[in-house]
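So you can see what is in the structure, the chains are spelled out below.
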Amino acid sequence: QVQLVESGGGLVQAGGSLRLTCAASGRTFNINTYVISWFRQAPGKEREFVAGLRWSGGITYYADSVKGRFTISKDNAKNTVYLQMNNLKPEDAAVYYCAAAPNYRAVYQVASYSYWGQGTQVTASS
């Protein structure tokens, strides 16, 4: 069993920045085989992929809408994934979820992920 806990959401003005944190834990969790990703869901919309990484292998993935503005990274010692969000836009407002998948297939698909955090609200106002 994998537990994911998000933090770092909040309300900022458009153009501002936030850093989201996803802490992963589990007694038998082998994080080296996993992909950890961020999804978001805005009112009236489906949950969509934002960014992800293979814990090992140095591969990252980004939605076109956030390339150049968001950066996903990890802290190996803490089993923690970060999403640095810069130049936030009102359309970035959503609940952001951390998710873990046991392999690297179909990274962009919600159904690929076995574990989800509870979400953290991000709002960018103008």
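Throughout this document, residue positions are counted from 1 along each chain, in the order its sequence is written. Only residues with pLDDT of 70 or above have their local features reported here, since the model is predicted, and side-chain atom pairs are shown and tallied only from 80 upward, although totals for entire chains, interfaces and linings are computed over all residues. For the side-chain quantities, the full set of heavy atoms in the structure was used; hydrogens and water were omitted.

**Focus: the overall build of the protein**
1) Next: Strands are runs of DSSP state E lasting at least 2 residues, helices are runs of H or I lasting at least 4, and numbering of each runs from the N terminus. Scanning the protein from terminus to terminus reveals 0 helices and 11 strands.
2) Next: Across the protein, helices and strands are ordered from the amino to the carboxyl terminus as β-β-β-β-β-β-β-β-β-β-β.
3) Next: The globule rule puts the C-alpha radius of gyration for 126 residues at 14 Å, and the 14 Å found for the protein is close to it.
4) Next: Using a 1.4 Å probe on the protein chains alone, a residue whose accessible area is under 20% of its type maximum counts as buried, one over 50% counts as exposed, and one in between counts as partly exposed. Counting across all 126 residues of the protein, residues that qualify as buried make up 43%.
5) Next: Contacts between residues were defined by any pair of non-hydrogen atoms, one from each residue, lying within 4.5 Å. At a minimum sequence separation of 6, the contacts of the protein that also span at least 24 residues come to 57%.
6) Next: With an accessible surface of roughly 6600 Å², the protein has 45% of that area assigned to carbon and sulfur atoms. This radius of gyration counts C-alpha atoms alone. The globule rule is 2.2 Å times how many residues there are, raised to the power 0.38. The accessible surface values rely on the Shrake-Rupley method and a 1.4 Å probe; as for residues, cover is taken only from the protein chains in view.

**Section: the pairing of strand β9 (residues 94-101)**
1) Next: Among the 8 residues that make up β9, 7 are buried, leaving the element largely enclosed by the rest of the structure.
2) Next: Where strand β4 (residues 35-41) meets β9, 7 bridges bridge the pair, whose relative direction is antiparallel. Within β9, the residue paired with Ser37 across the bridge is Ala99.
3) Next: Only strands joined by at least two bridges in the DSSP assignment are considered to pair. Inspection of the sheet shows β9 paired to strand β11 (residues 120-125) by 3 bridges, in the antiparallel sense. Across the sheet, residue Tyr96 finds its bridge partner in β11, namely Thr120.
4) Next: As paired elements, β9 and strand β10 (residues 115-116) share 2 bridges and run antiparallel to each other. Its bridge partner being in β10, Ala99 is matched across the sheet by Trp116.

Treat this as a map of the structure, not an account of what it does.
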